[in-house]
Protein chains: 2
Amino acid sequence: MPVSPSQHAAPSSDVVTQAPRRSVRDEVEQSLRAGLLSGRFVPGHSVTLRGLAQELGVSPMPVREAVRALSAGNALEIRSNGRIQVPTMTPQRLSEILTARLLLEPELAFVAAANLGSADATALRKIDDRVDESLSGGDAETYMRENFAFHFHIYRAAGSQVLMPLVESLWLQFAPFMRTVYGRVGTAALDDHHKEAIAAVRSRDAGGLRDAIAADIRCGMDLLDRSSEEGLRDE
Amino acid sequence: MPVSPSQHAAPSSDVVTQAPRRSVRDEVEQSLRAGLLSGRFVPGHSVTLRGLAQELGVSPMPVREAVRALSAGNALEIRSNGRIQVPTMTPQRLSEILTARLLLEPELAFVAAANLGSADATALRKIDDRVDESLSGGDAETYMRENFAFHFHIYRAAGSQVLMPLVESLWLQFAPFMRTVYGRVGTAALDDHHKEAIAAVRSRDAGGLRDAIAADIRCGMDLLDRSSEEGLRDE
DNA sequence: TTCGGGCAAATGTGATCACAAATCGAAGGG
DNA sequence: CCCTTCGATTTGTGATCACATTTGCCCGAA
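Residues numbered from 1 in each chain as written. Chains lettered and ligands numbered in written order. Predicted model: local features only at pLDDT ≥ 70, side-chain atom pairs only at ≥ 80, totals over all residues. Heavy atoms only, no water.

1. Some details on the packing of aromatic side chains
Heads up, the rule is: Here a pair means two rings of Phe, Tyr or Trp (six-membered ring of Trp) with centres within 6.5 Å. Their orientation is stacked below 30 degrees between planes, edge-to-face above 60, and tilted elsewhere. Numbering of helices and strands starts at the N terminus; helices are DSSP runs of H or I of at least 4 residues and strands are runs of E of at least 2. In this scheme, a residue with accessible area under 20% of its type's maximum is buried, one over 50% is exposed, and one in between is partly exposed, where area comes from a 1.4 Å probe on protein chains only.
Tallied over the entire structure, the rule returns twelve aromatic pairs over all chains. Between Tyr-143 of chain A and Tyr-182 of chain A the ring centres are 5.3 Å apart and the planes differ by 85 degrees, which places this aromatic pair in the edge-to-face class. Note that Tyr-143 of chain A is positioned in helix 6 (residues 140-156) and Tyr-182 of chain A in helix 7 (residues 163-185), a separation of 39 residues in sequence. Classification of Tyr-143 of chain A as buried rests on a relative accessible area of 3%. With centroids separated by 5.7 Å and ring planes inclined at 70 degrees, the aromatic side chains of Phe-148 of chain B and Trp-171 of chain B adopt a geometry described as edge-to-face. With Phe-148 of chain B in helix 6 (residues 140-156) and Trp-171 of chain B in helix 7 (residues 163-185), this pair connects stretches of sequence that are 23 residues apart. By relative accessible area, which is 4% here, Trp-171 of chain B ends up buried.

2. Observations regarding helix 8 (residues 194-202) of chain A
It helps to recall that an α-helix has 3.6 residues per turn; residues three or four apart then point in one direction. Operational definition: Here the arc refers to the set of directions running from the helix axis out to each C-beta atom.
Within the sequence span of helix 8 of chain A, burial applies to His-194, Ala-197, Ile-198, Ala-200 and Val-201 of chain A. Seen end-on, helix 8 of chain A carries its buried residues on one side only, within an arc spanning 160 degrees.

3. Comments concerning the packing of helix 3 (residues 60-72) of chain A against helix 3 (residues 60-72) of chain B
Definition in use: Every axis corresponds to a line fitted to the C-alpha atoms, with the helix fit spanning only the stretch in contact, and the corresponding angles, defined between N-to-C directions, vary from 0 to 180 degrees. The labels follow the angle: roughly parallel below 35 degrees, roughly antiparallel above 145, roughly perpendicular from 65 to 115, and oblique for the rest. If you view the pair so one helix is near and one far, a crossing is left-handed when the near helix is turned anticlockwise from the far one by less than a right angle, and right-handed when it is turned clockwise. Should any heavy atoms of two residues lie within 4.5 Å, those residues are counted as being in contact. Under the scheme applied, nonpolar residues are Ala, Val, Leu, Ile, Met, Phe, Trp, Tyr, Cys and Pro; charged residues are Asp, Glu, Lys and Arg; polar residues are all the others, including Gly.
At a closest axis distance of 8 Å, the pairing of helix 3 of chain A and helix 3 of chain B adopts a crossing angle of 45 degrees. With respect to each other, helix 3 of chain A and helix 3 of chain B are oriented oblique. Handedness of the helix 3 of chain A/helix 3 of chain B crossing: right-handed. Contacts from Met-61, Arg-64, Glu-65, Arg-68, Ala-69 and Ala-72 of chain A in helix 3 of chain A reach Met-61, Arg-64, Glu-65, Arg-68, Ala-69 and Ala-72 of chain B in helix 3 of chain B. Its residues assigned to classes, the contact of helix 3 of chain A with helix 3 of chain B shows six nonpolar, no polar and six charged.

4. Section: the pattern of salt bridges
Note the cut-off: One speaks of a salt bridge when a side-chain nitrogen belonging to Lys or Arg is within 4 Å of a carboxyl oxygen belonging to Asp or Glu.
Under the definition given, this model contains 24 salt bridges over all chains. As a salt-bridge pair, Glu-146 of chain B and Arg-130 of chain B come within 3.2 Å of each other at their nearest N and O atoms. A residue pair is termed long-range when its members are at least 10 positions apart, and Glu-146 of chain B in helix 6 and Arg-130 of chain B in helix 5 (residues 118-137) qualify at 16 residues. Taking relative accessible area as the criterion, Glu-146 of chain B reaches 12% and is therefore assigned buried. By relative accessible area, which is 40% here, Arg-130 of chain B ends up partly exposed. Through salt bridges with shared partners, a single ionic network connects Arg-25, Asp-26 and Glu-65 of chain A together with Arg-64 and Arg-68 of chain B.

Listed below in structure tokens is the structure:
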């Protein structure tokens, strides 16, 4: 809704927003990432440039670039006819994603362990409490957000500007699908290995942290195997 | 040079171009990827939207999206002032890239081995001949293109739509820097392990192929260590 | 000669328009 | 009742424009 005749968006009405240089495109991209990671986007559903633009109150232009950036990392799919949609999942694609996670994330956690201390263990404990709470409450959306926060609080400590984007790309790819899995199987069946990870962080046991993360990923694989037994839907 | 008054580019004058649906943006992106992988872009050099657009004979719009897509994978860097430049390399960033390659590529080759046969071994032999030729000739640009072709002929056989983009992203990140390394150290110092890889492909030895690829990557790491002894420039 | 200051050019960003292709709907014929 | 057909709408794509910011360069003063 272009209220102002000026072509640029108003600087959010605050005197000093403190934001270094937040472009509309970045805000849109972050919004889309958050939506994908929390499972607000349903796999197979098609999204439109103008639709997203109107939903976010911006012009289609920043959305176009944000969508392009996301689709470059396979977080969104651009079909041959040009339409945009949340990627669908196939069993082998999911298997590849989990294989890649198993290759990267434990190693990333291993590196991160050196930079994690008891303060981080406490913070992780707090996040994990919210994870457990949303698990028992069955709030899949909150669970996904907090589970992401848990893992990436660890990974961020590695300070890797190369591995982190790769892992983020993987999460963006499988997150929308997980949402549907939780909706079918329920979140109660989850038995993550966060407690062991926290203990490893507190005792500065890098190898233990790596193994805990690996076990956590394998747990997700088991859940999906169980889910596929109950009939895996791709569309 | 908008000769035609029509807004869309002419369909390349051919009756049936056979192209399914080549958008200008995709062509631009492929062109940029090829440029990065062959080392035509110098790290630290800044590129401009309008400059690339004029160079490729298109409007800035498709370039904008292509650059956005590449910067999403850290193949191009967008500075805080908004300017675009080929990313610079730091020792730890390079170390991270090679670590990631060592985590992903040998495993990808291991998977690919099942789908590779003697025909592929012959094709790889041909590519490797051109690699050796460009090595002795000191043609760094051709070397980089053929070396890329060699590795990705193998990786492509894995049929992975998840690991492949990750590995491609890594190559796009380190390729521009390698160009400068070859320019300083020379390509003659390279002793890749392509012959062992070809032998492993021919004998369908998955483990051997994985080890050959790992050795090849480690060889690159050694070259860089040697290069940094002679003074590593970051800017 | 060297260091600022200020003006012009360049650059990224966002908006809007035009157009072709695809999609979706309803109407009509089997 | 189902399928085809045709027209209106939607959608992505590319081009162009306006604007804020920054960069680059030239000129003048110390």
